[in-house]
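Each chain, letter by letter, is given below.
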Amino acid sequence: MDKKKKKALIIGGTALLLLIGLSIGAGLYMLDFSLRPVNRGKDMEGSMAYMRQTYPHIVPWIDSLTRCQALRDTFITAPDGIRMHAFYVRAPQPTAHTAVIVHGYTDNAIRMFHIGYLYNRSLGYNILLPDLRYAGLTEGNAIQMGWLDRKDVMQWIDAAPHIFGDSIRTVVHGISMGAATTMMLSGETLPDYVRCFVEDCGYTSVWDQFEKELKNLFHLPAFPLLYVTEWICQLQNGWNFHEASALNQIKKCHKPMLFIHGEKDDFVPTRMVYQLYEAKPQPKALWIVPETDHAHSYRNYPEAYTEKVKAFVMPCLSNETRIGN
């Protein structure tokens, strides 16, 4: 081999190694940016202050629960050893009706107290509000975007009868990432007492959401960075962005689901809910909330939101209603 060819090979190989190194470095940055962001979900005190300011009508309920020591903590351990936390509140009067309420990205259980109010104060349900991984009082070193969380919520569903009694009938209600978790969960084999689901502004898949954010925030295409980041996520967390698909999971769900989405949501684009609704077998219902951005449907229309949820969920939780598997 002459010197020129050898030099070209060395330069080409060096450039390739440099490109690979830069891609891996960028992928590691993007994964930390996405799954280990500055996490308001770890700020319990700040979260409570935010809820009191944003939803003042729930403050007397929170204060009453605190005075009566009715807002309680419980912990379970995941198979991989992660210690997981949830709040729970029993209904004002004994009932089988129970809501498992799942929070969103960089949120925690406290930031779902407005939905807790809906079910516990307005409808008279038992409520269970888990902190997902890397949020609240639950351990973990990264947000899991709903995919691993679906298994954790299944554990909480299994724990619910030990908290509220064996005869419970349950709705799972999530917002944003919690809605994606709810939909991902809905495709699994669940106990018969899980009767229905409410998803509020969830994304179709982690890939779709990250691809949209990569374009909007960094003006970059999916290739090659998102593919590299997905590969690193598989190595670090044991799952990838494509398999973490709410769209695929709900195709297997034959229990009732209510879809809620803000008309002007540009964080999880409103177009996603139409794809999800179309993919979900009956029974199902859809409410597009007018003049509303991401995750603010209850804040903007608390009475209408409560009535929509009540009208959908109550028949599902009656003793006579047993739809799907």
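Let me sum up the structure you'll find in this document. (Residues numbered from 1 in each chain as written. Predicted model: local features only at pLDDT ≥ 70, side-chain atom pairs only at ≥ 80, totals over all residues. Heavy atoms only, no water.)

Topic: the overall build of the chain
Phase 1: A tally of regular secondary structure across the chain gives 12 helices and 8 strands.
Phase 2: With the principal axes as the frame, the chain shows a C-alpha extent of 90 × 40 × 40 Å.
Phase 3: Relative to its full complement of 325 residues, the chain shows a buried share of 54%.
Phase 4: Sequence-distant contacts, at least 24 apart, represent 76% of the contacts inside the chain between residues at least 6 apart.
Phase 5: Working note: accessible area of the chain is about 14800 Å², and carbon and sulfur atoms make up 57% of it.
Phase 6: Placing the 33 positive and 32 negative side-chain charges of the chain at their respective mean positions leaves the two points 4 Å apart. (Helix = DSSP H or I, 4+ residues; strand = E, 2+ residues; numbered from the N terminus. Buried < 20%, exposed > 50% of the residue type's maximum accessible area, 1.4 Å probe, protein only. Contact = heavy atoms within 4.5 Å. Areas by Shrake-Rupley, 256 points an atom, 1.4 Å probe, with all protein chains shown as cover. Lys, Arg positive; Asp, Glu negative; His and termini not counted. Charge placed at Lys NZ, Arg CZ, Asp CG, Glu CD.)

Some thoughts on the pairing of strand β5 (residues 169-175)
Put simply, side chains in a regular strand alternate between the two faces of the sheet.
Phase 1: The element β5 is largely enclosed, with a buried count of 7 among its 7 residues.
Phase 2: Neither face of β5 is open: one carries Arg169, Val171, His173 and Ile175, the other Thr170, Val172 and Gly174, and all of them are buried.
Phase 3: Relative to β5, strand β3 (residues 97-102) is paired through 6 bridges, and the arrangement is parallel. Note on β5: the bridge partner recorded for alanine 99 is valine 171.
Phase 4: Taking the sense of rotation as the criterion, the β-α-β connection linking β5, helix α6 (residues 177-186) and strand β6 (residues 194-200) turns out right-handed. (Pairing = 2+ DSSP bridges. Right-handed = clockwise from strand over helix to strand, strands pointing away.)

Re the packing of aromatic side chains
Phase 1: Counted according to the given criterion, the structure contains 15 aromatic pairs.
Phase 2: Their ring planes at 75 degrees and their centres at 5.4 Å tell us that phenylalanine 33 and phenylalanine 218 sit as a pair that is edge-to-face. With phenylalanine 33 in helix α1 (residues 3-35) and phenylalanine 218 in helix α7 (residues 206-218), the pair connects residues that are 185 residues apart, well separated along the chain.
Phase 3: Note on phenylalanine 33: relative accessible area 36%, which makes it partly exposed.
Phase 4: Overall, the relative accessible area of 28% leaves phenylalanine 218 in the partly exposed class.
Phase 5: Centre to centre, the rings of phenylalanine 223 and tyrosine 227 are 5.8 Å apart; their planes meet at 65 degrees, and the pair counts as edge-to-face.
Phase 6: In textbook terms, an aromatic cluster arises when at least three aromatic residues are bridged by ring pairs, as seen for Tyr55, Trp287, Tyr298 and Tyr305.
Phase 7: Here the guanidinium or amino end of arginine 83 rests over the ring plane of phenylalanine 75, the centre of that ring lying 3.8 Å away.
Phase 8: The ring of tryptophan 147 carries the charged tip of arginine 150 above its face, separated from the ring centre by 3.7 Å. (Phe/Tyr/Trp six-rings, centres within 6.5 Å; stacked < 30°, edge-to-face > 60°. Lys NZ or Arg CZ within 6 Å of the ring centre and 35° of its normal.)

Things to note about a nonpolar patch on the surface
Phase 1: A contiguous nonpolar patch, built from Ile24, Leu28, Trp231 and Leu235 and spanning about 390 Å² of accessible area, is present on the exposed surface.
Phase 2: Sorting the residues of the nonpolar patch by element identifies α1 and α8 (225-237) as the ones contributing at least two each.
Phase 3: As for its position among the elements, isoleucine 24 is in helix α1.
Phase 4: Of the residues examined, isoleucine 24 reaches a relative accessible area of 31% and is grouped as partly exposed. (Patch = residues over 30% accessible without salt bridge, like charges linked within 9 Å, V, L, I, M, F, W, Y side chains within 5 Å. Salt bridge = Lys/Arg side-chain N within 4 Å of Asp/Glu carboxyl O.)

Let's talk about unusual backbone geometry
Phase 1: The linkage connecting phenylalanine 223 with the following residue, proline 224, adopts the cis geometry, with an omega of 5 degrees.
Phase 2: The residue proline 224 is located in the loop between α7 and α8 in this model.
Phase 3: Put simply, glutamine 282 and proline 283 share a cis peptide bond, and its omega is 0 degrees.
Phase 4: The phi dihedral of threonine 106 falls on the positive side, at around 55 degrees, and the residue is not glycine.
Phase 5: Relative to the helices and strands, threonine 106 is located in the loop between β3 and α4 (113-122).
Phase 6: Residue threonine 106 is classed as buried on the basis of its relative accessible area, which comes to 12%.
Phase 7: Phi is positive for glutamate 291, which is not a glycine, with a value near 55 degrees.
Phase 8: Its place among the elements puts glutamate 291 in the loop between β8 (284-289) and α11 (297-300).
Phase 9: Classification of glutamate 291 as exposed rests on a relative accessible area of 53%.

Description of the packing of helix α5 (residues 147-164) against α6
Phase 1: In contact at an axis separation of 8 Å, α5 and α6 are set at 70 degrees when each is read in the N-to-C sense. Relative to α6, α5 is oriented roughly perpendicular. Residues Trp147, Asp149, Arg150, Val153, Met154 and Ile157 of α5 touch α6, and the partners they reach there are Met177, Thr181, Met184 and Leu185.
Phase 2: In terms of residue class, the contact of α5 with α6 is built from 7 nonpolar, 1 polar and 2 charged. (Axes fitted to C-alpha atoms, helices over the stretch in contact; angles between N-to-C directions. Parallel < 35°, antiparallel > 145°, perpendicular 65-115°, else oblique. Nonpolar A, V, L, I, M, F, W, Y, C, P; charged D, E, K, R; others polar.)

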